[in-house]
Amino acid sequence: MRKSKIKASELDLKDKLVHVGRTAKVVKGGRRFNFSAIVVVGDGAGHVGYGLGKANEVVNAVTKATDAAKKNIVKVSLHKNTIPHDVMGKYGAAKIMLKPATPGTGVIAAGGVRAVLELVGISDILTKNYGSSNAHNTVKATIEGLQQLEDAHTVARRRGLPVEKVIFG
């Protein structure tokens with residue numbers, strides 16, 4: 001599946017800081033700190049992206065991460081306020097199961113997974129994290145899972161069937 005380039009300037013994006021990491025390097029005068037930040041951006045209407053930024057100050061790391069996230073925006077297939085079908089996203093040791101939920105359920109997720117799902121515009125979903133809880137990998141696994149989603153029209157076109165046949169079996 002080819003990824004078409006989505007222009008961030010055309011979307012009304014909101015951003016959310018998921019994680020800030022700190023590393024220390026011991027030098028002659030003491031410790032020197034470096035910061036990494038993971039930021040997720042989305043428009044609440046099916047577009048989402050993530051970015052990683054590293055710098056000597058938190059503010060600079062967040063700015064770099066936000067710029068990187070705006071360059072990595074992908075389109076996600078949604079069905080009303082949830083997803084069309086079950087899907088499992090994998091990245092590294094992180095595995096995220098995403099299941100559609102009935103209206104009123106809410107977003108049952110935590111950490112980076114919740115940030116991604118809220119910014120993409122999903123308000124009813126069930127999730128389960130298997131394996132790693134590393135913020136980097138869970139965000140990437142969630143977006144990987146969301147990219148696997150297909151709506152009924154796409155599946156019907158691929159199978160050469162009418163949409164009603166795909167939906168109702």
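The coordinates are above.
In this report, the structure presented in the accompanying data block is examined.

Criteria and thresholds
Residues numbered from 1 in each chain as written. Predicted model: local features only at pLDDT ≥ 70, side-chain atom pairs only at ≥ 80, totals over all residues. Heavy atoms only, no water. Patch = residues over 30% accessible without salt bridge, like charges linked within 9 Å, V, L, I, M, F, W, Y side chains within 5 Å. Areas by Shrake-Rupley, 256 points an atom, 1.4 Å probe, with all protein chains shown as cover. Salt bridge = Lys/Arg side-chain N within 4 Å of Asp/Glu carboxyl O. Helix = DSSP H or I, 4+ residues; strand = E, 2+ residues; numbered from the N terminus. Buried < 20%, exposed > 50% of the residue type's maximum accessible area, 1.4 Å probe, protein only. Pairing = 2+ DSSP bridges. Contact = heavy atoms within 4.5 Å. Axes fitted to C-alpha atoms, helices over the stretch in contact; angles between N-to-C directions. Phe/Tyr/Trp six-rings, centres within 6.5 Å; stacked < 30°, edge-to-face > 60°. Lys NZ or Arg CZ within 6 Å of the ring centre and 35° of its normal. Core = buried A, V, L, I, M, F, W, Y, C linked by side-chain atoms within 4.5 Å.

Glancing now at a nonpolar patch on the surface. A cluster of nonpolar side chains, L17, V20 and V58, forms an exposed patch at the surface whose accessible area comes to about 200 Å². One can find V58 in helix α1 (residues 58-71). Look at V58 and you get partly exposed, because its relative accessible area is 34%.

Turning to the pattern of salt bridges, a few remarks are in order. Following the criterion strictly, the structure yields three salt bridges and no others. Across the pair E118 and R114 runs a salt bridge whose closest N-O atoms are separated by 3.1 Å. Residue E118 and its partner R114 are located together in helix α2 (residues 111-120), separated by four residues, close to a single helical turn. Of the residues examined, E118 reaches a relative accessible area of 32% and is grouped as partly exposed. Notably, a salt bridge pairs R158 with E150, separated by 2.6 Å at the nearest N-O pair. Judged by its relative accessible area of 27%, E150 falls in the partly exposed class. Overlapping salt bridges, with partners in common, bring together K16, R114 and E118 in one network.

The next subject is α2. Of all ten residues in α2, seven are buried; the element is thus mostly enclosed. For α2, the full list of buried residues reads G112, V113, A115, V116, L117, L119 and V120. After α2 finishes, the residue G121 shows a positive phi value of roughly 105°.

Next up on the list: the sheet that holds strand β1 (residues 14-27). If you walk across this open sheet you meet the four strands as β1-β2-β3-β4, and the pairing is antiparallel. Where the open sheet ends on each side, the last strands, each with one partner, are β1 and β4 (74-75). Relative to strand β3 (residues 47-55), strand β2 (residues 30-42) runs antiparallel, the two sharing eight bridges. Across the sheet, residue V39 finds its bridge partner in β3, namely G51. On top of the sheet, α1 reaches β1, β2 and β3; it is set at about 145° to β3, its chief contact.

This part takes up the packing of aromatic side chains. Taken as a whole and judged by the stated rule, the model has zero aromatic pairs. Just above the ring of Y130 sits the side chain of K128; from NZ or CZ to the centre is 5.9 Å.

Turning our eyes to something else, we now look at the nonpolar core. V48, L98, L117 and L146 are the most contacted members of the largest nonpolar core, which totals 23 residues. By residue number, the principal contributor to this core is α2, which donates five residues. If we skip the residues at most four places from it in the chain, V48 touches V40, V41, G42, N72, I73, V74, V76, V116, V120 and I143. Listed in part, the twelve residues of the second largest apolar core include I6, L11, A55 and I73.

A positive phi angle, close to 55°, is found at K80, a residue other than glycine. With respect to the element layout, K80 can be found in the loop between β4 and β5 (87-91).

The next thing to look at is the side chain of S36. With respect to the helices and strands, the residue S36 is situated in strand β2. If near-sequence neighbours (up to four positions away) are discounted, S36 is found in contact with H19, V20, G21, L52, G53 and K54.

On to the side chain of T138, then. Within the secondary structure, T138 is located in helix α3 (residues 135-147). Residue T138 is classed as buried on the basis of its relative accessible area, which comes to 5%. Leave out the neighbours within four places in its chain, and T138 touches A94, I96, V113, N129, S132 and S133.

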